[in-house]
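Here is what each chain is made of, one letter per residue.
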Amino acid sequence: MESQPQPQPQPQPQPRRPRGFAATAAAAAASVSPTGAPSGSAGASTTSSGKGKREREKEKERTKLRERHRRAITSRMLAGLRQYGNFPLPARADMNDVLAALAREAGWTVEPDGTTYRHSPPPQHQQHLGAFSVRSGESPLSATSLKNCSVKATLGCQQPVVRIDGSLSPASLDSVVIAERDTRSEKYPSTSPINSVECLEADQLIQDVHSTEHDNDFTGTQYVPVYVKLSTGVINNFCQLADPDDVRQELSHMNSLNVDGVIVDCWWGIVECWNPQKYVWSGYRELFNYIREFKMKIQVVMAFHEYGRTDSADVLISLPNWILEIGKENQDIFFTDREGRRTTEFLSWGIDKERVLNGRTGVEVYFDFMRSFRTEFDDLFAEGLISAVEIGLGPSGELRYPSFSERMGWRYPGIGEFQCYDKYLQQHLRKAAKLRGHSFWARGPDNAGHYNSRPHETGFFCERGDYDSYYGRFFLHWYAQALMDHADNVLSLANLAFEETKIIVKIPAVYWWFKTSSHAAELTAGYNNPTNQDGYSPVFEVLKKHSVTVKFVCYGLQICSYENDEAFADPEGLSWQVLNSAWDRGLKVAGENTLSCYDREGCLRIIETAKPRNDPDRRHFSFFVYQQPSPLVQGVICLPDLDYFIKCMHGDITGDLVP
């Protein structure tokens, strides 16, 4: 009779070494004798209890560090997917957005309620390219595709349920993915060493998700001061107060709304209009005296740009007349496009250090103007009435090139044109090319299209275009560096003129073509921010050196159908990159609305952007600037309820927005 084969002994699994609180509990159990009596004396028991308490406190600190580390890693992963993978993830993306985007990339269909299935195998070209395929931002995942997802399913359902909360912050990424409930246990064991703090009840997870659903309750949130910008034209071209009665009425209305302060543009083209270094401040002195009566703070803007050269403008403020006279003899003091057309919106920063303005350089002209203002209103600085000064560094006061000028025929969403063809910037380009060892690179691109071109219509900005060639990278780096050098030069003198005063710099919101690989509109504006490079970090490093506050334009939802147009626009994605890049470098950030009207949802979206309630670092705007095209006294208030908006920013209101 054959002997039956003996079963082989199975290796016993090694017991897991307890960690965290489990390790503390095991150590406490080891100190107890089998009879249940303490193994040591009463003093030893007290010592053991004290050690256990200290160990628990240390474990809590380690848990916090692991959580911060997890959030930092997740934030970098999302940034990489946006920037290098060209995934059009929403600004407030959570893990469900990422999973949905990856599933769609693999050929799956993801419904808004989380149902996922595949109609047919993915196309052959996607199977070969996989995750490394180069995409132009065309994705079925839109910024609001998951916004209205419900969480109606219960944990008792038989199928897995994905719960989505659209209000979660991109910085914290505290999203909760609830899988199928294990009927054998009431708790969800954590398998991640980062998250293995303790098991959470399913009901507790649901409560944590719903705790962020009170979108309209801003009671107790951070106080964000609100400033209102006075309408352009309050000071006429003769530096006189245009209508004192209207100004007083408008200031009274602001005061009744509990506005923290006002923004006043100090126009270079008005104050130093006729003769160099002859400054007239009389109208501003009268205006500031009115504001002083209402005890509101003042932020002034050193407006070195032109205003109103459009068909819709009812006020025209040019650069100083003596500057325009110089420009008739030397047109290269102005920015110039490839065809040789000049724009008088702002002086070319090619002359920042060229003595072509009656013996002065560009930065000296700016410094003399700022120093004159500081001397004239020294009493207002001394009493703290003037709380901050914004330095205009380009067209519309923004740090950018005049690449999309309506005077040149530009219309949204054109890519704009490079503005570097005046002789001074061309000299700088030739010098940079020579230093690089490629003198033949001393030219602008000849295949970058025109103001209203689309990226795919050009050889420079198209997919895998010349923007990513050796020459293209050299040119774009030089072009962006000229912008940063201008900011560095002017801000160095601004800090001398306004010592110990808050300095503000306005950053443009060039959001169209953001979902394409080249980011063409940002490139022509001076921000070298294609998908394979971060164009805002070096700019913010320069601004950090001067300890400035970054002011960024906030878009609500008023951009008409930007998700469906052909411009691949992404205001939320741009805001996410700019705000987090500035915050990560320790810069203070402020916001400003556009002149377009908001709907109710856009109003709340701006408040959420100003002070994201789920940000673990509690970062928020240092202030917000509200502007509209006409005075408040005329009753044209773009926000549904400006009083409610201000109270929400101040953090002292509860309830839904009044219709």
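As recorded in an unreviewed UniProt entry, the chain goes by Beta-amylase and comes from Gossypium darwinii. Under the heading Catalytic activity (unreviewed entry), UniProt records this for the chain: "Hydrolysis of (1->4)-alpha-D-glucosidic linkages in polysaccharides so as to remove successive maltose units from the non-reducing ends of the chains." Database annotation for the chain, UniProt heading Sequence similarities (unreviewed entry): "Belongs to the glycosyl hydrolase 14 family."

### Things to note about the pattern of salt bridges
Enumeration over the complete set of coordinates arrives at 26 salt bridges. K328 serves as the salt-bridge partner of E325, at 3.2 Å between the closest nitrogen and oxygen. Of this pair, E325 and K328 both sit in helix 9 (residues 321-329), three residues apart, roughly one helical turn. Taking the relative accessible area as the measure of exposure, E325 reaches 45% and is therefore partly exposed. A salt bridge links D368 to R371; the shortest N-O distance between them is 3.0 Å. With D368 and R371 both in helix 10 (residues 362-376), this residue pair falls three residues apart, about one helical turn.

### Brief notes about the side chain of S403
Residue placement: S403 occurs in the loop between strand 10 (386-391) and helix 12 (423-436). At 3.5 Å, the side chain of S403 forms a polar contact with the backbone oxygen of T524. Excluding residues within four positions of it along the chain, S403 makes contact with G416, E417, Q419, Y451, T524 and A525.

### A word on helix 8 (residues 282-293)
Compared with the 16 Å implied by 1.5 Å per residue over twelve residues, the 17 Å span of helix 8 between its first and last C-alpha is a close match. Among all positions in helix 8, only G283, Y284, L287, F288, Y290 and I291 are buried. The buried residues of helix 8 occupy an angular sector of 155 degrees when projected down its axis, which confines them to one face. Check the buried side of helix 8 and you find it contacts helix 6 (244-256), strand 6 (261-267), helix 7 (268-271), strand 7 (297-303), helix 10 and helix 11 (378-382). A positive phi of about 55 degrees marks K295, the residue just after helix 8.

### So, the nonpolar core
Core analysis: the largest hydrophobic core is formed by 154 residues, its most contacted members being Y284, F288, M302, F373 and I391. Here this core gets 15 residues from one element, more than from any other, and that element is helix 13 (residues 470-497). Non-local contacts of F373, meaning those with residues more than four positions away in its chain, are made with C266, W281, F288, V300, M302, F381, I386 and F498.

### Examining the UniProt feature "active site" (unreviewed entry) in the chain
With numbering matched to this structure, UniProt assigns "active site" (unreviewed entry) to E398 and E592. The greatest C-alpha distance among the residues just named is 12.1 Å, despite their covering 195 residues of sequence, which places them together in space. Within the secondary structure layout, E592 lies in strand 13 (residues 588-593). By relative accessible area, E592 is classed as buried at 1%. Within the structure, the side chain of E592 is placed 2.9 Å from the side chain of K506, a separation counted as a polar contact.

### Describing unusual backbone geometry
Cis rather than trans, the peptide bond between Y412 and P413 has omega equal to 10 degrees. By secondary structure assignment, the location of P413 is in the loop between strand 10 and helix 12. Although it is not a glycine, K295 adopts a positive phi angle of roughly 55 degrees. Mapped onto the elements of the fold, K295 is located in the loop between helix 8 and strand 7.

### What to know about the sheet that holds strand 10
If you walk around this closed barrel you meet the eight strands as 5-6-7-10-11-12-13-14, and the pairing is parallel. Between one strand axis and the next, the sheet turns by 30 degrees as a mean value, whatever way the strands run. Pairing between strand 5 (residues 226-229) and strand 14 (residues 624-626): three bridges, direction parallel. Residue pairing across strands places Y227 opposite V625, the latter belonging to strand 14.

### Notes on helix 9
Three or more residues of helix 9 are buried, namely W322, I323, I326 and G327. Seen along its axis, helix 9 keeps its buried residues to an arc of 150 degrees; they face one direction. Contacts from the buried residues of helix 9 go to helix 7, strand 8 (334-336), strand 9 (342-347) and helix 10.

### Points about the pairing of strand 13
Strand 13 sits mainly inside the fold: five of its six residues count as buried. As paired elements, strand 12 (residues 549-554) and strand 13 share six bridges and run parallel to each other. Looking across to strand 13, one finds that F552 is bridged to G591. Relative to strand 14, strand 13 runs parallel, the two being bridged by two bridges. Paired with E592 across the strands is V625, a residue of strand 14.

### Focus on the packing of helix 12 against helix 13
Put simply, helix 12 and helix 13 touch, their axes get as near as 11 Å, and they point 130 degrees apart. Taken together, the axis directions place helix 12 and helix 13 in an arrangement best described as oblique. Relative to helix 13, the crossing made by helix 12 is right-handed. Touching L425, H428, L429, A432, A433 and R436 of helix 12 are F474, F475 and W478, all from helix 13.

### So, the environment of D265
Structurally, the position occupied by D265 is in strand 6. Residues D265 and A303, 38 residues apart in the sequence, show an inter-C-alpha distance of 6.1 Å.

### Description of the state of the cysteines
Taken as a whole and assessed by the stated rule, the structure comprises zero disulfides. Just so you know, C239 is unpaired, no disulfide at all, and the nearest cysteine sulfur is the one on C266, 8.6 Å from it.

### Digging into the packing of helix 13 against helix 15 (residues 537-545)
Where helix 13 contacts helix 15, the two axes come as close as 10 Å, and the packing angle between them is 10 degrees. Of the possible angle classes, the one that applies to helix 13 and helix 15 is roughly parallel. Across from M484, D488 and L491 in helix 13, the residues of helix 15 making contact are P538, V539, V542, L543 and K545. Partitioned by chemical class, the residues of the contact of helix 13 with helix 15 number six nonpolar, no polar and two charged.

### A short note on the packing of aromatic side chains
Per the counting criterion, the structure on display carries 48 aromatic pairs. Here the aromatic rings of F288 and F373 are separated by 6.4 Å at their centres, their planes lie at 90 degrees, and the arrangement is edge-to-face. Taken together, the residues span a long stretch of sequence, with F288 in helix 8 and F373 in helix 10 at a distance of 85 residues. F373 gets classed as buried once you look at its relative accessible area, which sits at 0%. Over the ring of F381 we find R374, and its NZ or CZ is 4.4 Å from the ring centre. Lying across the ring of Y471, R443 places its NZ or CZ 4.2 Å from the centre.

Rules of the game
- Each chain carries its own residue numbering, running from 1 in the direction its sequence is written.
- Whole-chain, interface and lining totals are the exception, using all residues; otherwise, since this is a predicted model, local features are given only for residues with pLDDT of at least 70 and side-chain atom pairs are given and counted only at 80 or more.
- Water and hydrogen atoms were dropped before computing side-chain values, which therefore reflect all heavy atoms in the structure.
- UniProt positions are given in the numbering used here, feature names are shortened, and annotations may be inferred rather than shown by experiment.
- By definition here, a salt bridge exists when the distance from a side-chain nitrogen of Lys or Arg to a carboxyl oxygen of Asp or Glu is within 4 Å.
- Helix and strand definitions follow DSSP, with helices as H or I runs of at least four residues and strands as E runs of at least two, each counted in order from the N terminus.
- Buried means the residue's accessible area, taken with a 1.4 Å probe over protein chains only, is under 20% of the maximum for its type, while exposed means over 50%, and partly exposed covers the values in between.
- Within 3.5 Å is the distance limit for a polar contact, defined as a pair of N or O atoms, with the added protein rule that one can donate a hydrogen and the other accept it, and that residues adjacent in sequence qualify only through two side-chain atoms.
- By definition in these notes, contact holds between two residues if any of their heavy atoms fall within 4.5 Å.
- In this scheme, a helix's expected span is set at 1.5 Å multiplied by one less than its residue total.
- What the arc covers is the set of directions going from the helix axis to the C-beta atoms.
- Nonpolar cores are built from buried Ala, Val, Leu, Ile, Met, Phe, Trp, Tyr and Cys residues. Side-chain atoms within 4.5 Å join them into one set.
- Being paired, for any two strands, means DSSP has found at least two bridges between them.
- To get an axis, fit a line to the C-alpha atoms, keeping to the stretch in contact for a helix; angles then go from 0 to 180 degrees between the N-to-C directions.
- Angles are sorted into four bins: roughly parallel if under 35 degrees, roughly antiparallel if over 145, roughly perpendicular if 65 to 115, and oblique for all others.
- The sense of a crossing depends on the near helix, which, turned anticlockwise from the far helix by less than a right angle, makes the crossing left-handed and, turned clockwise, makes it right-handed.
- Disulfides are defined as cysteine sulfur pairs within 2.5 Å.
- Residue polarity is assigned by list, with Asp, Glu, Lys and Arg as charged and Ala, Val, Leu, Ile, Met, Phe, Trp, Tyr, Cys and Pro as nonpolar; anything else, Gly included, falls into the polar class.
- A pair of Phe, Tyr and Trp rings is counted when the ring centres sit within 6.5 Å of each other, with Trp represented by its six-membered ring. The angle between the planes then sorts it: under 30 degrees is stacked, over 60 is edge-to-face, the rest tilted.
- Lysine NZ or arginine CZ positioned within 6 Å of the ring centre and within 35 degrees of the ring normal marks a charge as sitting over the ring.

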